[in-house]
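Close look at the chain arrangement
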Number of protein chains: 2
Amino acid sequence: MNTPAVFLPFFNKLNGRQKDVLISAVQNRHFARGDVIHHGGNCEGLIVVTSGRIRVYALSDEGKEITLYRLLERDICLFSASCIMPGLRFEVLANAETETDAFIIPASVYKSLMAESVAVANYTNNLLASRFSDVMWLFDQILNKKLDTRLAAFLIEESQLNDSNVLYLTHEDIANHLGSMREVITRMLKYFAAEGLVKLGRGRITLLNVQTLSDMAKDSLK
Amino acid sequence: MNTPAVFLPFFNKLNGRQKDVLISAVQNRHFARGDVIHHGGNCEGLIVVTSGRIRVYALSDEGKEITLYRLLERDICLFSASCIMPGLRFEVLANAETETDAFIIPASVYKSLMAESVAVANYTNNLLASRFSDVMWLFDQILNKKLDTRLAAFLIEESQLNDSNVLYLTHEDIANHLGSMREVITRMLKYFAAEGLVKLGRGRITLLNVQTLSDMAKDSLK
């Protein structure tokens, strides 16, 4: 199967030589759950997810994490090739949340395609705009929404991503997604448990009242 | 003077027809201090600042403001033409902080240049990447830095922008820049005044100890 043709919307706008260069340059990769896919400094290339799930997150000087967005099948991680864009002055990290298959387009190859092809350049624009929008949404959440709403939204999203009402997450994991602290999450989860919304176990949270959690989460989407 | 040639780095990479189209499409504008230049819904075009200063900010449902970044001479406001990028799903507002001169490239004209010219498309990529970086810096500030550090950094930046140690700002103005509340800013400013860092007057803040404020602000740049 010609994977780049299937996963890259701009593929058919490339000329014959550009298609050949791209096909011979891509490298298939498999990542196990938990593998670090990208960390700050390196710039190996664009990662195109063919199956699985990648979490992209930021890390503060003090080691506090916050999830910026998730990449699912057909999504592309641009920031693992941040060196191709001189204006980009921040770093993110990425790891595999499930078993993940992907292919990598080396940064140098993508950079020369972007310099030659207006289709690739404009596709990159849209990728950037889309990730920027994800981060602005999160920004608004953090500035303006309360933690109970954000926690409910996160639990519902996790439940949908994993197609299960039982989530295997520690309080520390959740704090790292939401840019909060473990103690704060524990307190809020205990409150949710007391309200009958969830049941807490070791490394496990069971959603008991999905309807109420969804209603709370809707406030975070307004 | 051929203003687009002076202010647009991609101008010399356009062909003759594209240059003519651009030159005949741009419109000169003057904005008075405080004028609203862009608000959410509209999409008139890219604003290129030839002199003055524009503040770009986000607004929550509850009306809380936060300054995202400032545009100075030669900077370009891309989000006033957000309709040209389908991936962009957020809105910002912009107003003139000083008397400002600018020219506008209509959205439809820029969009067709972007579709034809790889130089314009990649220039747009760098603009987006640069604004994205500004917002990620702010994001990190909000998540990880304390308000005293952010307030000191803001006062120093204002003092440098206006080339004066006397700032004509209300506590409400500052809250709107920092995404905080007036009461919180007032409390912190009173603390600064008690420490001899600033002197407070009606609608006016005088910086008394620029060195200590700068040292505090440096923490916010780490």
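Values in this document were obtained by computation on a predicted structure and should not be read as measured data.

Here the focus is the sheet that holds strand E4 (residues 54-59) of chain B. Strand pairing within a sheet occurs via backbone hydrogen bonds; the two strands may be parallel or antiparallel. Residues and elements named next belong to chain B. Spatial strand order, E2-E7-E4-E5: 4 strands in an open sheet with antiparallel pairing. The outermost strands of the open sheet, each flanked by one partner alone, are strand E2 (36-38) and strand E5 (65-71). Strand-to-strand twist in this sheet, taken as the mean axis angle between neighbours without regard to direction, amounts to 35°. The pairing of E2 with strand E7 (residues 93-96) spans 2 bridges and is classified as antiparallel. Each bridged residue has a counterpart across the sheet, and for His38 the counterpart in E7 is Ala94.

Turning our eyes to something else, we now look at the relation of the copies chain A and chain B. Rotating chain A by 180° and translating it 0.0 Å along the rotation axis places it on chain B, where the RMSD comes to 0.1 Å. Such values leave the two copies arranged in the relation of a two-fold axis. Nearest to the rotation axis, the C-alpha of Val118 of chain A is located 2.2 Å from it, this being the minimum over chain A. Comparing interface residues between copies, 100% of those in chain A also sit at the interface in chain B, which points to an isologous, same-surface contact.

In this section: helix H6 (residues 171-178) of chain B. Residue and element names in this part refer to chain B. All of the buried residues along H6 are His171, Ile174, Asn176, His177 and Leu178. Structurally, H6 contributes buried residues whose contacts are with E5, helix H5 (147-162) and helix H7 (182-194). Two residues or fewer after H6 comes Gly179, characterised by a positive phi angle close to 70°.

This part is about H5 of chain B. In a regular helix each residue adds 1.5 Å, so 16 residues correspond to 22 Å; H5 of chain B covers 22 Å between its end C-alpha atoms and thus fits that length. Of the residues making up H5 of chain B, those classed as buried are Arg150, Leu151, Ala152, Ala153, Phe154 and Leu155 of chain B.

Residue and element names in this part refer to chain A. For the pair helix H2 (residues 16-25) and helix H3 (residues 107-116), the least separation of the axes is 11 Å and the interaxial angle reads 160°. Judged by the inter-axis angle, H2 sits roughly antiparallel to H3. Two packed elements cross with a definite hand, and for H2 against H3 that hand is left-handed. Between H2 and H3, the residues in contact are Gln18, Val21, Leu22 and Ala25 and Val109, Leu113 and Glu116, respectively.

Here the focus is the sheet that holds strand E11 (residues 204-207) of chain A. Residues and elements named next belong to chain A. The 3 strands are arranged E9-E11-E10 in an open sheet whose pairing can be described as antiparallel. Edge positions in the sheet fall to strand E9 (166-167) and strand E10 (198-201), since each of these pairs with one other strand and no more. In this structure, E9 lies alongside E11, joined through 2 bridges in antiparallel fashion. Paired with Val166 across the bridge in E11 is Thr206.

All names here are of chain B. Because side chains alternate across strand E11 (residues 204-207), one face comprises the buried residues Ile205 and Leu207, and the other comprises Arg204 and Thr206, none of which is buried. When strand E10 (residues 198-201) meets E11, the two strands line up antiparallel, connected through 4 bridges. Across the sheet, Val198 pairs through a bridge with Leu207, a residue of E11. Hairpin geometry of E10 and E11 is characterised by an intervening segment of 2 residues between the two adjacent antiparallel strands and by a positive phi of about 65° at Gly203.

Before going further, it helps to spend a moment on unusual backbone geometry. In this model, Arg74 of chain A sits at a positive phi of 80°, which is unusual for a non-glycine residue. Tracing the backbone through its elements, the reader meets Arg74 of chain A in the loop between strand E5 (65-71) and strand E6 (76-77). Judged by the 13 C-beta atoms lying within 10 Å of it, Arg74 of chain A is partly exposed. Positive phi values are uncommon outside glycine, yet Asp163 of chain B reaches one of about 55°. Along the chain, Asp163 of chain B falls in the loop between H5 and strand E9 (166-167). Judged by local crowding, Asp163 of chain B falls into the exposed class, with 6 C-beta atoms found within 10 Å.

What counts as what
Residues numbered from 1 in each chain as written. Chains lettered and ligands numbered in written order. Predicted model: local features only at pLDDT ≥ 70, side-chain atom pairs only at ≥ 80, totals over all residues. Pairing = 2+ DSSP bridges. Helix = DSSP H or I, 4+ residues; strand = E, 2+ residues; numbered from the N terminus. Axes fitted to C-alpha atoms, helices over the stretch in contact; angles between N-to-C directions. Least-squares fit on C-alpha atoms with pLDDT ≥ 70 in both. Contact = placed C-beta atoms within 7 Å. Buried ≥ 20, exposed ≤ 12 C-beta atoms within 10 Å, placed from the backbone. Expected span 1.5 Å × (residues − 1). Parallel < 35°, antiparallel > 145°, perpendicular 65-115°, else oblique. Left-handed = near helix turned anticlockwise from the far one by under 90°.

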